[in-house]
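Analysis of the macromolecular model
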Amino acid sequence: MGFLLEFMGSLLVLLPLLLWARAVRRLPEARNWQRTARAARRRYYYVLAVLALKLLPAALLLGHGLAFGIRPLRTLVLLGVPLVLATRDTLPLLNRAIRAAGPTPELRLAAAAPRVVLPARLAAVAGGLLLVLNLVVQETITLWLSGGVFALVALVVVVDVTQRHRRLAGQERTIRWSPWARLAAPLVLVVAAAGCGAVGSTMSAFPDRLSMNAHGHHGATSGPAVSVTDLVGGPYSGPVRRFTLVADEARLPGRAEDAWTFGGTVPGTPLRVTQGETVELTLVNRLARTPTTIHWHGVDVPNAMDGVAGVTQDAVQPGGEFTYRFRADKPGTYWYHSHQVANEQVTRGLFGSLVIDPATGPVAEVDETLMVHQLNAGVDLRRTEPGRRVRLRVVNANSGTERLTFTGAPFRLAALDGQDLHEPAEVSERSITLGGGGRADLEFTMPAHPVRLGGPATRTALVLSPDGVSTVDQPKSAPELDLTAYGKPKPTPFGPDSAYTKHFTVDLDQGVGFHAGRLGFLWTVDGRVFPDAPMLMVRQGDLVRMTFRNKGINDHPMHLHGHHVLALSRDGTPFTGSPLWLDTVLVRPGQTWEVAFKADNPGIWMDHCHDLLHATNGMTLHLGYEGVRTPFTVGSATGNKPE
């Protein structure tokens, strides 16, 4: 919220700054002298009032740490300096002008003095610069370019003020400066904006063919290399589960257009295997004109099986097929979805659930899965006998954050992102927040009345009842379950005090900029967008610590392929309950998460926001292992577009 307030404050202060500067500029030659002076003073105080209101978002942002306070600190510097000068030089002149019986030539000349006029006019230039800086992507080049343009505007203003003062003083002007010269500043802005637009559109145009090996900033290494196509895992022994999954179009009830489906349904065919089995699944693409892939979300598959078009494979063309093969090592709740134009294809239905049952140990008597998605909206009623032990698995297949509440019985949060929690406590009437791609498993004993899982803003809900017909209303809200202290601690292979060999800090933000040749609203990583976001380079065996800082206004569920990360802290508060092993870390606005993982799965792995619109519009980077290269490319000439 602080980020939005900061931007709105910049927008609200700009108009009074412009009006204040206009009144101060007109004062020396104003016909209604006192009225113009009063207007200038009134607008000065209005500017101070708006700036005082901006202290609230400044305090909110600085409360999250100095790294979050860049925007308000910029405001204090860029507006603070001219306002201090205005308080010293401009305000006393305005007070004199209001008290005077009439304007004398000396007073008019004093009102035109640069030390009186420049603070107000340069404050207006600074206000325009602040609005732009708060709006554009926070990339160093973009920020400096914006500053350079407004510095040129400020120079024009200085020349205008000094030459005008010389004219009113009867002195010879050092520059031929006509009355029309006041249009020079806006003309500079228009020309600069047009030039920046042309350059930005050209420089950001996506190449026809781009490899993750192509750029030095992506950390490409020389010497012997391993291709991602060689990273297939195995050899595998034991039972093999074979599946064929057909991607095709299907008309869903109540829909005006065809959905894209895996297996003819939305969600797609549910896949269920047992720990230790080898999954061998052949994707057959019968979509008329649409290439596709399958990514195994949360399953730490070998890199060649990750299903990312242009990185680990070519997208499967219409009429083609591709076979994925991996061992189901870790039991849990996972899902699969397309990773070719993922934002569109997942939205239109190319996703489904994957459950890996444990090879040994107790299992629930009733095991249900709920996939939350806009195409799966509605209340699903299912019959469940009272007294049964139930495991309810929920997958957020939407891009947005979902806050889900379970009502009707006490429950335990048994697992997150497919990983069991250690000794979870029983709770009642608590909500669980899942970012896009996140999963949660709930365990409870079925009572003699209906229970419900859903949320006020969630269009998908599941009701279990003894008769399969009765239902229960969704509660409006419930306190969120605090995961920082939930469950019991247990030893982990590494933790906050371990000796890490790599440490990455990833800043998540947003702004207006150019991407793929078009101007639009972008979501950025360290101020950059794909393909310019830097690749995070590791060696096999590295112990890696990552810090995510969300400086923006949106939730960002950051999903690292091929690895699970251990949550170390959130906003400086350590996780003291059950260890949390996540593959999708929901970083909310203003939050700082510290996580860690072992680099033990070689490859080139996507690390992106699983709000897939954000990923499409820039928030995508990669984790690369030294010595690993890919023969695949992305771009319009390749047919591969992972997001």
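Refer to the structure above for everything that follows.
Right, let's walk through the structure included here.

Procedures and definitions
- Residues numbered from 1 in each chain as written.
- Predicted model: local features only at pLDDT ≥ 70, side-chain atom pairs only at ≥ 80, totals over all residues.
- Heavy atoms only, no water.
- Patch = residues over 30% accessible without salt bridge, like charges linked within 9 Å, V, L, I, M, F, W, Y side chains within 5 Å.
- Areas by Shrake-Rupley, 256 points an atom, 1.4 Å probe, with all protein chains shown as cover.
- Salt bridge = Lys/Arg side-chain N within 4 Å of Asp/Glu carboxyl O.
- Helix = DSSP H or I, 4+ residues; strand = E, 2+ residues; numbered from the N terminus.
- Buried < 20%, exposed > 50% of the residue type's maximum accessible area, 1.4 Å probe, protein only.
- Polar contact = N/O pair within 3.5 Å; in protein donor to acceptor, adjacent residues only side chain to side chain.
- Core = buried A, V, L, I, M, F, W, Y, C linked by side-chain atoms within 4.5 Å.
- Contact = heavy atoms within 4.5 Å.
- Pairing = 2+ DSSP bridges.
- Axes fitted to C-alpha atoms, helices over the stretch in contact; angles between N-to-C directions.
- Phe/Tyr/Trp six-rings, centres within 6.5 Å; stacked < 30°, edge-to-face > 60°.

Our next topic: a nonpolar patch on the surface. Together, Leu4, Met8, Leu11, Phe521 and Ile553 line one region of the surface with nonpolar side chains, adding up to about 400 Å² of accessible area. Tracing the backbone through its elements, the reader meets Leu11 in helix α1 (residues 2-26).

When you line up the elements, Asp482 lands in the loop between β20 (458-465) and β21 (502-515). Take Asp482: its relative accessible area is 41%, and that puts it in the partly exposed class. For the pair Asp482 and Gly577, spaced 95 residues apart in sequence, the C-alpha separation works out to 9.9 Å. A polar side-chain atom of Asp482 sits 2.7 Å from a polar atom in the side chain of Thr484.

With that out of the way, let us pick up the nonpolar core. For soluble globular proteins, nonpolar side chains are generally found buried alongside one another. Counting residues in each nonpolar core, the largest one holds 71 residues, and the members touching the most others are Phe406, Leu413, Leu442, Phe444, Met546, Phe548 and Trp593. Considering every element that reaches this core, the biggest residue donor is strand β31 (residues 604-609), with four residues. Discounting chain neighbours no more than four positions away, the residues touching Leu413 are Leu421, Pro424, Ile432, Ala440, Asp441, Leu442, Leu481, Leu483 and Tyr486. Ala21, Tyr44, Leu107 and Ala123 belong to the second-largest nonpolar core, a separate cluster that totals 44 residues.

So, on to the sheet that holds strand β7 (residues 321-327). An order of β3-β2-β5-β7 is seen for the four strands of this open sheet, with the pairing classed as mixed. Strands at the two margins of the open sheet, each flanked by one partner only, are β3 (259-262) and β7. Across the sheet, the mean angle separating the axes of adjacent strands is 15 degrees when strand polarity is ignored. One ladder, built from four bridges, connects strand β2 (residues 240-250) with β3; its direction is antiparallel. Counted as the bridge partner of Asp248 is Thr261 from β3.

For the rest of this paragraph, the subject is unusual backbone geometry. At the junction of Val266 and Pro267, the peptide bond is cis and its omega measures out at -5 degrees in the coordinates. Among the secondary structure elements, Pro267 is positioned in the loop between β3 and β4 (271-274). Put simply, Phe530 and Pro531 share a cis peptide bond, and its omega is 10 degrees. Looking at the secondary structure, you find Pro531 in the loop between β22 (518-525) and β23 (536-538). One non-glycine residue, Asp417, lies in the positive phi region at around 50 degrees. For Asp417, the location among the structural elements is in the loop between β14 (411-416) and β15 (419-420). We classify Asp417 as buried; its relative accessible area is 3%. For Asp571, which is not glycine, the phi torsion reads 55 degrees and is therefore positive. Among the structural elements, Asp571 can be located in the loop between β26 (565-570) and β27 (573-574).

Considering all chains together, one arrives at 14 aromatic pairs under this definition. Between the aromatic rings of Phe206 and Phe530, the centroid separation amounts to 6.0 Å while the plane-to-plane angle is 35 degrees, which identifies the pairing as tilted. Note that Phe206 is positioned in the loop between α8 (184-203) and β1 (226-227) and Phe530 in the loop between β22 and β23, a separation of 324 residues in sequence. For Phe206, a relative accessible area of 29% puts it in the partly exposed group. Classification of Phe530 as buried rests on a relative accessible area of 12%. Judged by centre distance (4.7 Å) and plane angle (55 degrees), the rings of Phe322 and Tyr324 are tilted. Residue classification places Phe322 among the partly exposed residues on the basis of a relative accessible area of 23%.

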